[in-house]
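# Reading the structure
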Amino acid sequence: MGDDRIYGYSNRIGLLGLYLCALFAYLGVAIAHIGLFLMLVAALMQWRAFGSALRSPPLPQLALSVLGLALISTLLAANAHPEYATSHWAGFGDVLQLWLFLLPAWWMGGRTSRILAVLTLTLIGFVLGTIKVMEWEDLQRLLVFNRPHFRWSINAFGQYAGSGLLGIVLLSPRLWKWSAGRRGGMVARVTALVLAGLMLSGVIFSLSRGVWLSLLLVALGLVPLAWRLRGGGRPNHLRRWAVFGVTLLAIGLLLPGNPAAVRLNEIVQPFAQLLAADGDLAAVDDISFRERLGMLSLGVDSWLQAPWIGLGPGAPEFILRANQANFVGGSTYTDFHALPLDLMVAFGVLGTVALGALLVAVLVWARRGYASGCLPRDLYLTVAGLTVFNVLCQMTDT
């Protein structure tokens, strides 16, 4: 079989895997895994080009730094506490899986049509996946602002909905331009508005303060960036979306009982009680707040035991389980509800910095793609916005 035919077959297999993975990431994980496998097989069929991309700086250096430090941490932790070795190696496996992002990155190849197809299929899969797992009782709880738990945690649901909202808003000018004068163009616009409304509703109904704050911070950062990249012109679509968002937010704030304001007040009240009691944690009524501070204190004390290399990937879970009796009702936690602290406890300063460098590299690559003309402005803003938003959401699980 000639090289051209192998290349053609591998391209079809790789793209099939890419689109399957995008559509079923939320709809059906088993099929998404099949998509990853197809992408891997197809990439190996193009090993000369794929291998060359893997060897391009700074990717090898980042991979060696992250995996090397994680492996050292895992080996030391498994040797020190053999009874937790399985948990540590499972955590190391999670670090290895992180690098699977190279497969969809390779098959998207910086091509606008493929990136847009992946984003669209992911959004469709999320909507269908939510419908698939949501029961009538979940919908009833959402409508009265109680927090249900279906497949994902409700905070994760808010994070995914926020990602969908960001993508729709940032790519709406492209949709508006594409649909102008086309048959069915109005249907496409109405569909985008409905989806945006659903995503914003998901963000609000999740009652996740961390998601709300993350979305606000990203929006405040993206507006001036979009303005600057536009050369000082007026991005009319931002004004349209601002009016749309403020209208829906106002509706949410005017709902009976003002649940959004009540939820936000839950942030301020514990701090006010803590200050009034001169730092006496027992004076705080919010049990969740007291437990969060307790977890943070425990996490910092644990990190200080091995500040540079960490206590191993499984450390956050077994440390929290060992201190389960200190939490109200013996609540079981598997992480410290703060990604930086989880990473510091597991991998120390060195491993955390290495993982942070990977994140910075993604943003730098996106910026270079935009500067070279390979990545359109709206896609650059989308990649940057989604990356920062999802990282901020992981900073706290509230």
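Please refer to the structure placed before this passage.
Here the residue index of a chain counts from 1 through its sequence in written order. Local features are withheld for residues below a pLDDT of 70 in this predicted model, meaning they are given only at 70 or higher, and side-chain atom pairs are given and counted only at 80 or more; totals for whole chains, interfaces and linings count all residues. Note that water and hydrogens are dropped before the side-chain values are worked out from all heavy atoms of the structure.

## Structural notes on a nonpolar patch on the surface
- Together, Tyr 9, Phe 37, Val 41 and Met 45 give the surface a local cluster of nonpolar side chains, amounting to about 350 Å² of exposed area.
- Within the fold, Val 41 resides in helix H2 (residues 29-45).
- Judged by relative accessible area, which is 30%, Val 41 ranks as partly exposed. Each patch is built from salt-bridge-free residues with over 30% relative accessible area, joining like charges within 9 Å and nonpolar side chains (Val, Leu, Ile, Met, Phe, Trp, Tyr) within 5 Å. In this description, accessible areas are obtained by the Shrake-Rupley approach with a 1.4 Å probe, and a residue is regarded as covered only by the protein chains that are shown. One speaks of a salt bridge when a side-chain nitrogen belonging to Lys or Arg is within 4 Å of a carboxyl oxygen belonging to Asp or Glu. A run of H or I in DSSP becomes a helix once it reaches four residues, and a run of E becomes a strand once it reaches two; helices and strands are each numbered from the N terminus. Three labels apply to residues, based on accessible area from a 1.4 Å probe with only protein chains included: buried if under 20% of the type maximum, exposed if over 50%, partly exposed otherwise in between.

## A few points about the packing of helix H9 (residues 154-179) against helix H10 (residues 185-205)
- At a closest axis distance of 8 Å, the pairing of H9 and H10 adopts a crossing angle of 160 degrees. Viewed along their axes, H9 and H10 adopt a mutual orientation that is roughly antiparallel. The hand of the H9/H10 crossing is left-handed. Judged by residue contacts, Phe 157, Gly 158, Ala 161, Gly 162, Gly 164, Leu 165, Ile 168, Leu 175, Trp 176, Trp 178 and Ser 179 of H9 engage Gly 185, Ala 188, Arg 189, Ala 192, Leu 193, Leu 195, Ala 196, Met 199, Leu 200, Gly 202 and Val 203 from H10.
- Gly counts as polar in this scheme, as do all residues outside two lists: the nonpolar Ala, Val, Leu, Ile, Met, Phe, Trp, Tyr, Cys and Pro, and the charged Asp, Glu, Lys and Arg. Across the contact of H9 with H10, the residue classes break down as 15 nonpolar, 6 polar and 1 charged. Axis lines are fitted through C-alpha atoms, for helices just across the contact stretch, and the angle between N-to-C directions can take any value from 0 to 180 degrees. Orientation labels follow simple angle bins: below 35 degrees gives roughly parallel, above 145 gives roughly antiparallel, 65 to 115 gives roughly perpendicular, and whatever is left gives oblique. Helix crossings are classified by the rotation of the near helix relative to the far one: an anticlockwise turn of less than a right angle makes the crossing left-handed, while a clockwise turn makes it right-handed. Residue contacts are counted whenever heavy atoms from the two residues lie within 4.5 Å of one another.

## Description of the nonpolar core
- Residues enter a nonpolar core if they are buried and are Ala, Val, Leu, Ile, Met, Phe, Trp, Tyr or Cys, with the set joined through side-chain atoms within 4.5 Å. Among the nonpolar cores identified, the biggest contains 27 residues, and Leu 165, Leu 166, Met 199, Leu 222 and Phe 389 are the most heavily contacted of them.
- Going through the elements one at a time, helix H7 (112-133), H9, H10, helix H11 (209-229) and helix H17 (377-395) are the ones with two or more residues in this core.
- Top element by residues in this core is H9. It accounts for 8 residues.
- Once residues within four sequence positions are removed from consideration, Leu 165 is found in contact with Ala 196, Met 199, Leu 200 and Leu 215.
- Grouped together as the second largest cluster of nonpolar side chains are 23 residues, Leu 15, Ala 43, Ile 115 and Tyr 380 included.

## Looking at the pattern of salt bridges
- Scanning all chains against the criterion turns up 2 salt bridges.
- Here Arg 174 and Asp 378 are joined by a salt bridge, their closest N and O atoms 2.8 Å apart. One end of the pair, Arg 174, is in helix H9; the other, Asp 378, is in helix H17, and 204 residues separate them in sequence.
- The partner of Glu 317 in a salt bridge is Arg 321, and the shortest N-O contact between them spans 3.2 Å.

## A look at the packing of aromatic side chains
- Stacked, edge-to-face and tilted are the three classes for Phe, Tyr and Trp ring pairs, Trp counted by its six-membered ring, which pair at centre distances within 6.5 Å; planes under 30 degrees apart are stacked, over 60 edge-to-face, the rest tilted. In this structure the tally under the stated criterion is 11 aromatic pairs.
- An angle of 15 degrees between the planes, with centres 5.2 Å apart, marks the rings of Tyr 370 and Tyr 380 as stacked. Here Tyr 370, found in helix H16 (residues 339-371), pairs with Tyr 380, found in helix H17; they are 10 residues apart in sequence, far enough to count as distant.
- Overall, the relative accessible area of 8% leaves Tyr 380 in the buried class.
- By the ring-pair criterion, three or more aromatic residues cluster together here, those being Tyr 26, Phe 126, Phe 157 and Tyr 160.

## Here's the deal with the environment of Ile 6
- Along the polypeptide, Ile 6 turns up in helix H1 (residues 3-24).
- Here Ile 6 falls in the partly exposed class, since its relative accessible area comes to 27%.
- Remark: the alpha-carbon pair of Ile 6 and Gln 46, spanning 40 residues in sequence, is separated by 8.3 Å.

## Focus: the environment of Trp 365
- For Trp 365, the location among the structural elements is in helix H16.
- On the basis of relative accessibility, which here comes to 30%, the residue Trp 365 falls in the partly exposed class.
- It is 9.8 Å that separates the C-alpha atoms of Trp 365 and Tyr 380, two residues lying 15 residues apart in sequence.
- For Trp 365, the residues in contact, after removing those within four places along its chain, are Pro 58 and Leu 59.

## Describing the side chain of Ser 163
- By the element assignment, Ser 163 lies in helix H9.
- Under the relative-accessibility criterion, Ser 163 is labelled buried at 16%.
- Once you skip the residues sitting within four places of it in the chain, Ser 163 turns out to touch Leu 386, Phe 389 and Asn 390.

The quantities given are spatial measurements derived from coordinates; they are silent on function.
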